[in-house]
Amino acid sequence: MPDSMGMNITHHIQTSLILGSVLVASASPVWAEEQGVGSVELVEFPFEGIAFTDIDFSDDGQTIVCISRFADSNTVYLYEGELWKPVYAGAGSQLFPTFVAGISDDGGTILLTDIEDSFLYREGVFSKLTDSWIATDRRTTQTTLVQGAAVSGDGSTVALIGDDRRLEYDDVRSFLWNGDSRLEEISIGDPDVEDFGYRVEAVSQDGSAFLLNTQGRREKQVNNVRINGRQLSFLWEEGSITQLPEPDVGYDVSMDARAMSLNQAVVVGNGYIDSRHVDQVREYGDYGSWERESFGWLWDRATGVTQDLTSDRFESGYFSDVSGDGSIALGAGVQFDGSVDGFLWVRDQGIVMLDQLFDVLKIDLHADSYTLQSISNDGRRLYGIAYIEDQIFALTVTIPDLTP
């Protein structure tokens, strides 16, 4: 029997049924099945076995990009609602593997990156992005490090990071590319000397706003523990930068912003607290045994407050994505018994465990295990990977609207 949270979910599902919003599964090379009032789609990967891979989905799930890695070979595959097709081979290497850095909502723009270069896939063509960039002082220079970071929802703007390798020391810089022959450095201002630069984590729908994290590489003392600095999170909007406040948990927190709503009114991320075991202070001193606690947080512009949303339910909690209106966030947590489970945070409801939700919806994933990594803007599609015996699948789970 579901608990009170499950009963609340059921109430919303029944409301959806009354309104006639039963979901219909789409076609798949493997199978897609309507179950209860939700659906699941599994698309078998285009290679045998469970290879180490990277994957991302367009907002509607009709475009999927994945990268398989065997030995020193990287192959990029694209799925556009019919069949997988290889679109690039040899990008990256075993030493510098290629990752999917971002995909536009319509799947038309895909950004790939390794540790040194970035590649763009548009209209069936792969191109290497320039390493020439314009600094904020209008000086033009080049870098040997151009890592892709994110793509705007409309595909117009690509964000990257890099540094000037000609300098003995250089902060991490963040760049924009919108089709020009050079990158444009984002004008952020000089970060604190301990921040070591900014990294773009996400770009807004129209490319006018950016979610950033500082590097925090320099060693300093935080919560009486010597670590490599404390990471902070910022929101950049049309030239104005705002630091997201830390949640009030009694300790200094390292922030890791992950995703934002379409209007930038909600940001989700993860917080980390480094602390020292009190009973070992005398034996080990400042470099003594220490532990790291993690939790998922949400910042709401309306209140200006950043809240810890997962510590009451999990030993460690994490957020990976948020819906377009900021009402649903996707995450995973380590339970106090050591098990790892996915969940949704739903506004006005709180934490909803995915296994419980699928049970209420009568959805069977037919998978030995699964991981969900992103949520669509409308909050009704969850994307990730499923494992069935010795094969890996791209997974889409469609659910009713859980918000009132």
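All residue numbers here refer to positions counted from 1 along the written sequence of the relevant chain. Under the rules for a predicted model, residues below a pLDDT of 70 receive no local features and side-chain atom pairs below 80 are neither given nor counted, while totals for whole chains, interfaces and linings still include all residues. Only heavy atoms go into the side-chain values, all of them from the structure, while hydrogens and water stay out.

Runs of H or I in DSSP of at least four residues are treated as helices and runs of E of at least two as strands, each being numbered from the N terminus. When helices and strands are counted, the chain shows three helices and 33 strands. Think of it in three bands: residues with accessible area under 20% of the maximum for their type are buried, residues over 50% are exposed, and the middle band is partly exposed, with areas taken using a 1.4 Å probe on protein chains only. For the chain, the residues scored as buried account for 52% of the 404 residues in total. Partitioning the intrachain contacts of the chain with sequence separation of at least 6 by distance along the chain shows that 48% fall at a separation of at least 24. In the structure as shown, the chain presents an accessible area of about 18500 Å², 46% of it carried by carbon and sulfur atoms. Any two residues whose heavy atoms approach within 4.5 Å are treated as being in contact. For the area figures, the Shrake-Rupley method with a 1.4 Å probe applies, and any residue is considered shielded solely by the protein chains shown.

Now for the pattern of salt bridges. The salt bridge definition used is simple: a Lys or Arg side-chain nitrogen within 4 Å of an Asp or Glu carboxyl oxygen. Taken as a whole, this structure holds six salt bridges when the rule is applied. When the shortest N-O distance is used, the salt bridge between Glu201 and Arg258 registers 3.2 Å. Here Arg258 lies in strand 23 (residues 254-260) and Glu201 lies in strand 17 (residues 198-203), a separation of 57 residues in the sequence. Judged by its relative accessible area of 25%, Glu201 is partly exposed.

Time to look at the environment of Ile351. Topologically, Ile351 is positioned in strand 30 (residues 350-353). For the pair formed by Ile351 and Ala329, sequence separation is 22 residues and the distance between their alpha carbons is 9.4 Å.

Two strands in a sheet stick together by hydrogen bonds in their backbones, pointing the same way (parallel) or opposite ways (antiparallel). Across the sheet, four strands lie side by side as 27-28-29-30; this open sheet has antiparallel pairing. Bordering the open sheet on either side are strand 27 (316-322) and strand 30, each of which pairs with just one other strand. The average undirected angle you get between the axes of adjacent strands in this sheet is 35°. In this analysis, axes come from line fits to C-alpha atoms, helices being fitted only over the stretch in contact, and the angle between any two N-to-C directions falls in the range 0 to 180 degrees. Helix 3 (residues 354-361) contacts strand 28 (328-334), strand 29 (340-346) and strand 30 of the sheet and is inclined by roughly 65° relative to strand 30. Should DSSP find at least two bridges between two strands, the strands are regarded as paired.

Right, let's get into the side chain of Gln264. Topologically, Gln264 is positioned in the loop between strand 23 and strand 24 (266-276). A distance of 2.8 Å separates a polar side-chain atom of Gln264 from the backbone oxygen of Leu262. What Gln264 contacts, discounting residues up to four positions off in sequence, is Ser204, Ala209, Leu235, Glu237, Trp299 and Arg301. In the analysis that follows, any N or O atom pair within 3.5 Å is treated as a polar contact, provided that within protein one partner can donate a hydrogen and the other can accept it, and provided that, for residues neighboring in sequence, both atoms belong to side chains.

What follows is about the environment of Ser339. The topology assignment puts Ser339 in the loop between strand 28 and strand 29. Taking relative accessible area as the criterion, Ser339 reaches 27% and is therefore assigned partly exposed. Ser339 sits 24 residues away from Glu315 along the chain, and the two C-alpha atoms are 10.0 Å apart. Beyond its immediate stretch of four places on either side in the chain, Ser339 contacts Gly333 and Val334. Polar contacts involving the side chain of Ser339 include one to the side chain of Asp337, which spans 2.7 Å.

Attention shifts here to the pairing of strand 2 (residues 38-44). In summary, the side chains of a regular strand alternate between the two faces of the sheet. Across the seven residues that make up strand 2, a large majority, six, are buried. Across six bridges, the pairing between strand 2 and strand 33 (residues 391-398) is antiparallel. Residue pairing for strand 33: Val40 is matched across the bridge by Val397.

Leu344, Leu357, Phe358, Leu382, Val397 and Ile399 are the most contacted members of the largest nonpolar core, which has 23 residues in total. Elements supplying a minimum of two residues to this core: strand 2, strand 28, strand 29, helix 3, strand 31 (369-375), strand 32 (381-388) and strand 33. Sort the elements by how many residues they give to this core and helix 3 lands first, with four residues. For Phe358, the residues in contact, after removing those within four places along its chain, are Ile363, Leu365, Tyr370, Leu372, Leu382, Val397 and Ile399. As used here, the term nonpolar core means buried Ala, Val, Leu, Ile, Met, Phe, Trp, Tyr and Cys residues forming a set that is joined through side-chain atoms within 4.5 Å. If you look at the next biggest cluster of nonpolar residues, it comprises 14 residues, including Ile55, Tyr79, Trp84 and Ile392.

The subject of this paragraph is the sheet that holds strand 10 (residues 125-128). As summarised here, the arrangement of the four strands in space is 7-8-9-10, forming an open sheet in which the pairing is antiparallel. Both edges of this open sheet fall to strand 7 (99-103) and strand 10, since each of them pairs with a single strand only. Pairs of neighbouring strands in the sheet enclose a mean axial angle of 25°, with direction left out of account. Across five bridges, strand 8 (residues 109-113) lies against strand 9 (residues 118-122) in antiparallel orientation. Bridging from a neighbouring strand, Leu112 pairs with Phe119 of strand 9.

Moving on, we come to the pairing of strand 33. When you tally the buried positions in strand 33, you get eight out of eight residues, the bulk of the element. Taking the residues between adjacent antiparallel strands as the criterion, strand 32 and strand 33 are bridged by two residues, where Glu389 takes a positive phi near 55°.

There is about 1500 Å³ of room inside the largest pocket. Lining the largest pocket are 50 residues, and of these Asp56, Ala101, Glu201, Arg258 and Ser320 sit closest to its centre. For the lining of the largest pocket, the secondary-structure elements that each account for two or more residues are strand 3 (52-57), strand 7, strand 13 (145-151), strand 17, strand 23, strand 27, strand 31 and strand 32. For the lining of the largest pocket, the residue count by class is 22 nonpolar, 19 polar and nine charged. Both cavities and pockets are sets of points on a 1 Å grid over the protein atoms alone; in a cavity a 1.4 Å probe fits but cannot get out, in a pocket the set is open with protein on both sides within 12 Å along at least five of seven lines, and lining residues sit with an atom within 4 Å of a point. Grid points are joined across faces, edges and corners, and a volume is the space filled by probe spheres set on the points. Amino acid classes used here: Ala, Val, Leu, Ile, Met, Phe, Trp, Tyr, Cys and Pro are nonpolar; Asp, Glu, Lys and Arg are charged; the rest, including Gly, are polar.

With that settled, consider the confidence of the model for the chain. Confidence scores per residue from the predictor, reported as pLDDT, run from 0 to 100. Of all residues in the chain, 74% attain a pLDDT of 70 or more, and the chain-wide mean is 80. Contacts from residues 1-32, a stretch scored under 50 in pLDDT, to residues over four places away or in other chains number 66 contacts. Ignoring residues within four places in sequence, the model shows residues 278-288, a span with pLDDT below 50, making twelve contacts including any to other chains.

All right, on to the environment of Asp378 then. With respect to the element layout, Asp378 can be found in the loop between strand 31 and strand 32. Sequence separation between Asp378 and Ser323 is 55 residues; the distance between their C-alpha atoms is 6.1 Å. For Asp378, the side chain forms a polar contact with the side chain of Ser376, separated by 2.6 Å. In terms of polar contacts, Asp378 uses its side chain to reach the backbone amide nitrogen of Arg380, at 2.9 Å.

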